[in-house]
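# Analysis of the macromolecular model
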Amino acid sequence: WDDGRVTEAASCCKEGSKLYTCTVCKETRTETIAKTAHNFSTTTTPATCSKAGERKETCTVCGETRVTAIPMLTHKYTTTVTKATTKKNGAITQKCSVCGHVGTRTEIPYAKTMKLSAASYAYSGKARKPSVTILDAKGKKISSSNYTVTYAKGRKKIGTYKVTVKLKGNYSGTLSKTFKIVPKSTRITSLRGTKRGITIKWKKQLSKFATGYQIQYSTSRSFRGGKILKVKGSTKISARKTGLKAARKYYVRIRTYKTVSGKTYYSSWSAVKSVKTKR
């Protein structure tokens with residue numbers, strides 16, 4: 001047999017053949033040549049967090065193509081906080097820094113209401129310090145870790161005092177509210193009916209607590225339509241009211257008042273007493 005000759009070349013898509021001839025009798029035989037390997041060139045589309053990628057292999061000889069999917073990548077989230085104010089909601093947002101996809105968004109309701117534990121206190125000579133509660137737009141209590149509280153100086157004498165809250169953390173802005181320190185109340189020591197009138201006596205208050213007194217009287221227990229008798233001077237301890245209806249029952253109560261820097265502050269009302277006028 002001779003060394004043979006290739007009658008058809010093998011490729012990656014089909015087999016080839018080789019012919020051998022006997023050098024004596026000229027008999028021939030054919031031998032199959034196996035397919036060759038593909039000669040792939042590769043192109044890759046990278047995967048992202050918003051789209052899957054792929055690896056594409058194409059044979060440069062026969063054009064056969066193989067495609068392999070590349071799974072999507074996970075998002076790379078960063079957290080940003082838009083602070084809530086006293087007028088506008090804020091939010092905590094997780095957003096992918098690559099594709100911009102928003103993962104989660106948690107709303108922060110704005111700080112709406114500031115409350116004090118007391119709106120007024122009777123004078124005691126001690127500094128007053130009401131506690132503070134802040135509610136958001138949904139009526140939920142905001143943690144005290146999200147704000148600092150500043151009180152006006154003094155807070156001992158009769159007057160009006162400011163409490164200021166400065167928001168922090170997930171909030172920004174300020175809120176404020178005032179409270180009062182009012183005079184001590186007094187009490188009725190004597191109430192007597194006279195002819196178409198009444199005579200009332202009360203416990204005197206020191207001048208630093210009172211500029212004067214207000215006496216309210218009415219034929220109604222609820223003081224509907226009641227009238228006020230004003231008595232100037234802290235040293236006064238009695239007053240008379242005439243011109244009332246004869247033989248009628250009147251309800252009476254008293255309170256002190258103190259004028260500070262042109263503003264008048266009132267104590268709480270005393271206990272109510274009643275008396276009947278004479279004819």
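Residues numbered from 1 in each chain as written. Predicted model: local features only at pLDDT ≥ 70, side-chain atom pairs only at ≥ 80, totals over all residues. Heavy atoms only, no water.

## Quick look at the pairing of strand β15 (residues 174-182)
Here strand β11 (residues 120-122) runs beside β15; their pairing, made up of 3 bridges, is parallel. If you follow A122 over to β15, its bridge partner there is V182. Pairing of strand β14 (residues 159-167) with β15, which is carried by 8 bridges, proceeds in the antiparallel orientation. By the bridge assignment, K162 is partnered in β15 with T178. Between β14 and β15, which pair antiparallel and follow one another directly, the connecting turn spans 6 residues, one of which, G169, has a positive phi of 65°. (Pairing = 2+ DSSP bridges. Helix = DSSP H or I, 4+ residues; strand = E, 2+ residues; numbered from the N terminus.)

## Considerations on the sheet that holds strand β8 (residues 90-96)
Taking strand neighbours across the sheet as the criterion, the 3 strands line up as β7-β8-β9 in an open arrangement whose pairing is antiparallel. Only two strands of the sheet have a single neighbouring strand rather than two, namely β7 (77-82) and β9 (102-108). Ignoring strand direction, the axes of neighbouring strands in this sheet form an average angle of 15°. Here β8 runs beside β9; their pairing, made up of 6 bridges, is antiparallel. Each bridged residue has a counterpart across the sheet, and for T93 the counterpart in β9 is R105. (Axes fitted to C-alpha atoms, helices over the stretch in contact; angles between N-to-C directions.)

## Comments concerning the packing of aromatic side chains
The way to describe two aromatic rings as a pair is by their centre distance and the angle between their planes. In total, this model carries 5 aromatic pairs according to the counting rule given. Their ring planes at 50° and their centres at 5.1 Å tell us that W202 and Y213 sit as a pair that is tilted. You can see W202 sitting in strand β17 (residues 197-202) and its partner Y213 sitting in strand β18 (residues 212-218), a full 11 residues away along the chain. Positioned above the aromatic ring of F223, the side-chain terminus of R253 is 4.1 Å from the ring centre. Over the ring of Y266 we find R255, and its NZ or CZ is 4.1 Å from the ring centre. (Phe/Tyr/Trp six-rings, centres within 6.5 Å; stacked < 30°, edge-to-face > 60°. Lys NZ or Arg CZ within 6 Å of the ring centre and 35° of its normal.)

## Regarding a positive patch on the surface
A cluster of basic residues, K184, R187, K203, K208 and K273, forms a positive patch on the protein surface. Structurally, K184 is set in the loop between β15 and β16 (188-194). Judged by its relative accessible area of 35%, K184 falls in the partly exposed class. (Patch = residues over 30% accessible without salt bridge, like charges linked within 9 Å, V, L, I, M, F, W, Y side chains within 5 Å. Areas by Shrake-Rupley, 256 points an atom, 1.4 Å probe, with all protein chains shown as cover. Salt bridge = Lys/Arg side-chain N within 4 Å of Asp/Glu carboxyl O. Lys, Arg positive; Asp, Glu negative; His and termini not counted. Charge placed at Lys NZ, Arg CZ, Asp CG, Glu CD. Buried < 20%, exposed > 50% of the residue type's maximum accessible area, 1.4 Å probe, protein only.)

## Here we look at the side chain of D136
Mapped onto the elements, D136 comes out in strand β12 (residues 132-136). For D136, which is buried and forms no salt bridge, the nearest opposite charge comes from K140, at a distance of 6.2 Å.

## Thoughts on the sheet that holds strand β13 (residues 147-151)
As summarised here, the arrangement of the 4 strands in space is β11-β15-β14-β13, forming an open sheet in which the pairing is mixed. On the outer flanks of this sheet lie β11 and β13, each paired with one strand and no other. This sheet shows a mean twist of 25° between the axes of neighbouring strands, independent of strand direction.

## Some details on the environment of A47
Among the structural elements, A47 can be located in the loop between β4 (40-45) and β5 (53-59). For the pair A47 and L229, spaced 182 residues apart in sequence, the C-alpha to C-alpha distance is 87 Å.

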